[in-house]
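Residues per chain, in single letters:
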Amino acid sequence: MYDKILYMPFDERLPTVNNARHEYGNTGTEKKNAAFFEHEIAKGRTAVSVWYNGKRSAHLAGMSGGQIYIRGHGMPGENLLEGGRGGEKVRYDEVVSRMKKSGLKKTFSGKIKCYNCHSAETIDTEGNMWPQVVETNGMPFAQLMADELFANGYKNCTIFGYVGAIDSMPKDGSQGTH
């Protein structure tokens, strides 16, 4: 059992997963997940990455509490995440579907953190100041996730989103509002 899971909702079977792996995995230059793991180990905690592949993950299925961090790029009011710049774009409802397929139990009572820039921010769809937003309905990604999880029977967990740009490299102390 791990204290934390970094959930990567990007399909390992697609070629676009290389964009996410370049940024978050061990094949690229940024290796954001590795930095996260080092920080957790230094604090005496355990963590693991789970990449979506259409199969059940023993790690995710074994979580009854703890924290799940959903990784990916986000923008205010955008209803999807991007797996590395130019990578697969996954809508909130598909993220929930993939978590279910990966084994997340409806009894999970821990925290799910939408660890994405602007995941708690809304946007005015009339005067969209973010032209790079691909798909939006104006609602924060974290709220869409919370509603979708609840609609799918996940009623014991707490969902978090973040305001502003977040730093993928771990730091001690509070670095933003959630």
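Now for a look at the structure at hand. Keep in mind that this is a model prediction, so the values were computed, not measured.

## Describing the packing of aromatic side chains
Consideration 1: Counted under the stated rule, the structure contains two aromatic pairs.
Consideration 2: Consider the rings of Y69 and Y115, whose centres lie 5.3 Å apart with planes at 85°: the pair is edge-to-face. Of this pair, Y69 sits in strand β3 (residues 67-70) while Y115 sits in the loop between β6 (111-114) and α5 (141-151), and the two are 46 residues apart along the sequence.
Consideration 3: The class for Y69 is buried, based on a relative accessible area of 6%.
Consideration 4: Taking the relative accessible area as the measure of exposure, Y115 reaches 14% and is therefore buried.
Consideration 5: Relative to Y162, the ring of Y115 lies with its centre 5.8 Å away and its plane at 85°, an arrangement referred to as edge-to-face. Here Y162 lies in the segment after β7 (158-160) and Y115 lies in the loop between β6 and α5, a separation of 47 residues in the sequence.

## Here we look at helix α2 (residues 32-42)
Consideration 1: Within α2, burial applies to K32, N33, A34, F36, H39 and E40.
Consideration 2: Where α2 is buried, its residues contact β1 (4-8), α1 (17-24), β2 (47-51) and β3.
Consideration 3: After α2 finishes, the residue G44 shows a positive phi value of roughly 80°.

## Observations regarding the pairing of β3
Two faces, one strand: in a regular strand the side chains alternate between the faces of the sheet.
Consideration 1: By the alternation rule, side chains of β3 split into Q67 and Y69 and I68 and I70, which are all buried.
Consideration 2: Bridge count between β1 and β3: four bridges; the pairing is parallel. Across the sheet, Y7 pairs through a bridge with I70, a residue of β3.
Consideration 3: Judged from the four bridges that link them, β3 and β6 form a sheet pairing that is parallel. Residue I70 lies in a different strand from β6, and its bridge partner there is C114.

## Considerations on the pattern of salt bridges
Consideration 1: Counted by the stated rule, this structure contains seven salt bridges.
Consideration 2: In this structure, D93 and R91 form a salt bridge, with 3.1 Å as the shortest nitrogen-oxygen distance.
Consideration 3: Judged by relative accessible area, which is 25%, D93 ranks as partly exposed.
Consideration 4: Across the pair R98 and E94 runs a salt bridge, and its minimum N-O distance is 3.0 Å. In this pair, R98 and E94 are both assigned in helix α4 (residues 92-101), four residues apart and thus about one turn of the helix distant.
Consideration 5: The structure contains a network of salt bridges with shared partners spanning E82, R85 and K89.

## Quick word on the pairing of β6
Consideration 1: Of the pairings in the sheet, the one linking β6 to β7 comprises three bridges and is parallel in character. The residue bridging I112 from the neighbouring strand is I159, located in β7.

## Quick word on the environment of F37
Consideration 1: Structurally, F37 is set in helix α2.
Consideration 2: A residue is classified by how much of its surface remains accessible, and F37, at 21% relative accessible area, is partly exposed.
Consideration 3: Considering only alpha carbons, one finds F37 and S49, 12 residues apart in sequence, at a separation of 9.1 Å.
Consideration 4: Beyond its immediate stretch of four places on either side in the chain, F37 contacts L6, A47, V48 and S49.

## Regarding the nonpolar core
Consideration 1: Formed by 32 residues in total, the largest nonpolar core has its most connected members in I5, Y7, I68, M99, L104, I112 and M145.
Consideration 2: Of all elements in the fold, only β1, α1, β2, β3, α4, β6 and α5 reach the threshold of two or more residues within this core.
Consideration 3: Of all the elements, α5 adds the most residues to this core, at five residues.
Consideration 4: The contact partners of I5, leaving out residues within four places of it in the chain, are V48, V50, H59, L60, M63, Q67, I68 and Y69.
Consideration 5: F36, A47, Y69 and Y162 belong to the second-largest nonpolar core, a separate cluster that totals seven residues.

Rules used throughout
Residues numbered from 1 in each chain as written. Predicted model: local features only at pLDDT ≥ 70, side-chain atom pairs only at ≥ 80, totals over all residues. Heavy atoms only, no water. Phe/Tyr/Trp six-rings, centres within 6.5 Å; stacked < 30°, edge-to-face > 60°. Helix = DSSP H or I, 4+ residues; strand = E, 2+ residues; numbered from the N terminus. Buried < 20%, exposed > 50% of the residue type's maximum accessible area, 1.4 Å probe, protein only. Contact = heavy atoms within 4.5 Å. Pairing = 2+ DSSP bridges. Salt bridge = Lys/Arg side-chain N within 4 Å of Asp/Glu carboxyl O. Core = buried A, V, L, I, M, F, W, Y, C linked by side-chain atoms within 4.5 Å.

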